[in-house]
Amino acid sequence: MTSNLRIDAQRLWDSLMDTARIGGTPKGGVSRLTLTETDRQVRDWLKRECERLGCTVTVDEVGNMFALRPGRRADLPPIAIGSHLDTQPTGGKFDGILGVLGGLEILKTLHDAGYETNAPLMLVNWTNEEGSRFAPAMLGSGVYAGVFDRAYADSRADRQGVTFGEAIEAIGYRGDAKAGSVTFGAMFELHIEQGPILEQEEKVVGIVEGVQGMRWYEISVTGREAHTGSTPMPMRRDALVGAARLIDRIEAIALEHAPSAVGSVGLIEVQPNSRNVVPGHVFFTVDFRHPEDGVLDAMEQKLMAAVDGMAAQGALAVESRKVWESPAVRFDAGCLASVRRSAQAAGFPARLMISGAGHDAAYIARVAPTAMIFVPCAGGLSHNEEESTSFSECAAGAQVLLGAVLDYDGRGAERPS
Ligand SMILES: [Zn+2]
């Protein structure tokens, strides 16, 4: 089933640029950490926009927002379109945001055309996708899908000691609905690729078949603080040197499983962080990813061997903890077929791919048929203020999203009720 409906590319672009001012940075990026004052502002804005279109907005107990647009048949479960409006501390204007504002543009397009879908539509803004302020990532969609419970989410603390529970109360987004109680029949997520493949191959649309598996660890290395001038080298217990050796090993482990494995240390804290004190304590994070869970098992074993080996030498105490893991995900064949037909009908060059980054869709796939659509981002750059997706690429993504939702809706109606 095809439709001649066209999204308004300029209106979509304007909404991206306008909301980028909420938490906008001097370098043109966005700093909108989850459950902060800027997050509240963009949430309030989204709520107003959806209500203006006649949608009913429900907020659940972990702040996930659901805007419902009724369809012709109330007996059909809604088709959801979801992503996230929170960003990294130095994030871009498109990561997550395109998925929500692309969905909003679809609601506006349907509203202007007076188009009634069979099933209701539901636009979703998932809380704390980034995991930057409160680890782990994809916390809101994770609670929704039953991966975590509300108490666990509430207990997560940021580096200042403020908990998720305190932060959500502070911005007034603790909703009444129990997590998981606002249900839908399928979800589509539009997102920037956050990698270089589409751009390199001059494709406009990625039909995302799945998400690679991911594991996060936290490692603490403890030695002894000492004077840098008067402590002889053999007598030092330098926690930072120990951490550096582990970090070097982490890169080597990823390279041993090339080309698909990646391993990164993105956060490191050194104490006391003073130029004339031998560091006594280092905390750092590890992020391992691969499309196969078996390879991740092997990478984990090697990491633990490196940690145990260093601890066994005796000079440093090393503690490691796996804080999160997300198994490899395969998306729903029916949803993927709708994306493929939509990309074809719109005439965009497309390719199948696996997502290198985690997404809310990965958790939602556990409870509902789900698929993702990728559009390119310049240089594959993301989690960066210079993250850039063009006017026409944003429009293409939203157009394919609209087509996929309408295709899925049309096929649903063909099934006997
Ligand atoms: Zn994202």
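This text goes with the structure placed above it.
Analysis parameters
- Residues numbered from 1 in each chain as written.
- Predicted model: local features only at pLDDT ≥ 70, side-chain atom pairs only at ≥ 80, totals over all residues.
- Heavy atoms only, no water.
- Helix = DSSP H or I, 4+ residues; strand = E, 2+ residues; numbered from the N terminus.
- Polar contact = N/O pair within 3.5 Å; in protein donor to acceptor, adjacent residues only side chain to side chain.
- Contact = heavy atoms within 4.5 Å.
- Axes fitted to C-alpha atoms, helices over the stretch in contact; angles between N-to-C directions.
- Parallel < 35°, antiparallel > 145°, perpendicular 65-115°, else oblique.
- Left-handed = near helix turned anticlockwise from the far one by under 90°.
- Nonpolar A, V, L, I, M, F, W, Y, C, P; charged D, E, K, R; others polar.
- Donors = N, O, S within 2.8 Å, 3.2 Å for Na, K, Ca; no water.
- Buried < 20%, exposed > 50% of the residue type's maximum accessible area, 1.4 Å probe, protein only.
- Pairing = 2+ DSSP bridges.
- 1 Å grid on protein atoms, 1.4 Å probe; cavity = no way out; pocket = protein on both sides within 12 Å on 5 of 7 lines; lining within 4 Å.
- Points joined across faces, edges and corners; volume = space filled by probe spheres on them.
- Disulfide = S-S within 2.5 Å.
- Core = buried A, V, L, I, M, F, W, Y, C linked by side-chain atoms within 4.5 Å.

Draft legend 1. Spatial organisation of the side chain of threonine 127. Residue placement: threonine 127 occurs in the loop between β4 (121–125) and α4 (139–144). Looking at threonine 127, its side chain comes within polar contact range of the main-chain oxygen of glycine 63, at 3.0 Å. Those residues in contact with threonine 127 that lie beyond four places of it in its chain are Thr34, Leu35, Arg43, Val62, Gly63, Asn64, Leu139, Gly140 and Phe164.

Draft legend 2. Quick look at the packing of helix α2 (residues 37–52) against helix α3 (residues 97–113). At a minimum axis separation of 10 Å, α2 and α3 run at an interaxial angle of 15°. As summarised for this structure, α2 and α3 are arranged roughly parallel, according to the angle between their axes. Relative to α3, the crossing made by α2 is left-handed. Contact residues: α2 offers Trp45, Leu46, Glu49 and Cys50, while α3 offers Val100, Leu101, Leu104 and Lys108. Residue composition of the contact of α2 with α3, by class: 6 nonpolar, no polar and 2 charged.

Draft legend 3. Quick look at the coordination of the zinc ion. Every protein donor of the zinc ion is accounted for by His84 (NE2), Asp95 (OD) and His191 (NE2), and the metal-donor separations fall at 2.0 to 2.2 Å. Counting the intervening residues between successive donors of the zinc ion yields the motif H-x10-D-x95-H. Placement of histidine 84 in the loop between β3 (79–83) and α3 and of histidine 191 in strand β5 (residues 186–192) is noted, with a sequence separation of 107 residues between them. Grouping residues by exposure puts histidine 84 and histidine 191 together as buried.

Draft legend 4. Representation of unusual backbone geometry in the model. Cis rather than trans, the peptide bond between alanine 135 and proline 136 has omega equal to 5°. Tracing the chain through its elements places proline 136 in the loop between β4 and α4. Phi is positive for asparagine 273, close to 60°, though the residue is something other than glycine. The phi torsion at histidine 383 lies on the positive side, around 50°, for a residue other than glycine. As for its position among the elements, histidine 383 is in the loop between β16 (370–375) and α12 (391–414).

Draft legend 5. Geometry of the packing of helix α1 (residues 9–19) against α3. Where α1 contacts α3, the axes come no closer than 10 Å and their chain directions differ by 135°. Here α1 is positioned oblique relative to α3, judged by the angle of their axes. Crossing geometry of α1 relative to α3 is assigned as right-handed. For the pair α1 and α3, contact is made by Arg11, Leu12, Ser15, Leu16 and Thr19 and by Ile97, Leu98, Leu101, Gly102, Glu105, Lys108, Thr109 and Asp112, respectively. Taken together, the residues of the contact of α1 with α3 sort by class into 5 nonpolar, 4 polar and 4 charged.

Draft legend 6. Representation of the pairing of strand β1 (residues 56–59). Burial of β1 is one-sided: the residues Val57 and Val59 facing one way are buried, the residues Thr56 and Thr58 facing the other way are not. As judged from the 4 bridges shared by β1 and strand β2 (residues 65–69), these two strands associate in the antiparallel manner. Within β2, the residue paired with threonine 56 across the bridge is leucine 68. The loop that links β1 with its antiparallel partner β2 comprises 5 residues; one of these, glycine 63, has a positive phi angle of about 85°.

Draft legend 7. Molecular detail of empty space enclosed by the protein. Overall, the coordinates contain 1 cavity of 30 Å³ or more when judged by the stated rule. When residues of the lining of the largest cavity are traced back to their parent elements, those giving at least two are α2, β2 and β4. Split into classes, the residues belonging to the lining of the largest cavity amount to 7 nonpolar, 1 polar and 1 charged.

Draft legend 8. Expanded view of the state of the cysteines. Summed over all chains, the structure comprises 0 disulfides. Lacking any disulfide linkage, cysteine 55 is separated from the closest cysteine sulfur, that of cysteine 50, by 5.3 Å. The class for cysteine 55 is buried, based on a relative accessible area of 6%. Of all cysteine sulfurs, the one in cysteine 377 lies closest to cysteine 394, which takes part in no disulfide; the gap is 10 Å.

Draft legend 9. The layout of surface pockets, seen in detail. Taken as a whole, the second largest pocket holds about 280 Å³ of empty space. Asp238, Val241, Gly242, Arg245 and Leu316 are the residues nearest the centre of the second largest pocket, which is lined by 14 residues in total. Among the elements of the structure, α8 (239–256) and α9 (293–312) are those that each provide at least two residues to the lining of the second largest pocket. Per-class residue counts for the lining of the second largest pocket are 7 nonpolar, 3 polar and 4 charged.

Draft legend 10. Just the nonpolar core, in detail. Among the nonpolar cores identified, the biggest contains 98 residues, and Leu46, Phe184 and Phe188 are the most heavily contacted of them. For this core, the leading source of residues is α12, giving 10 residues. Counting residues in hydrophobic clusters, the runner-up holds 23 residues, among them Ile219, Leu296, Leu303 and Val307.

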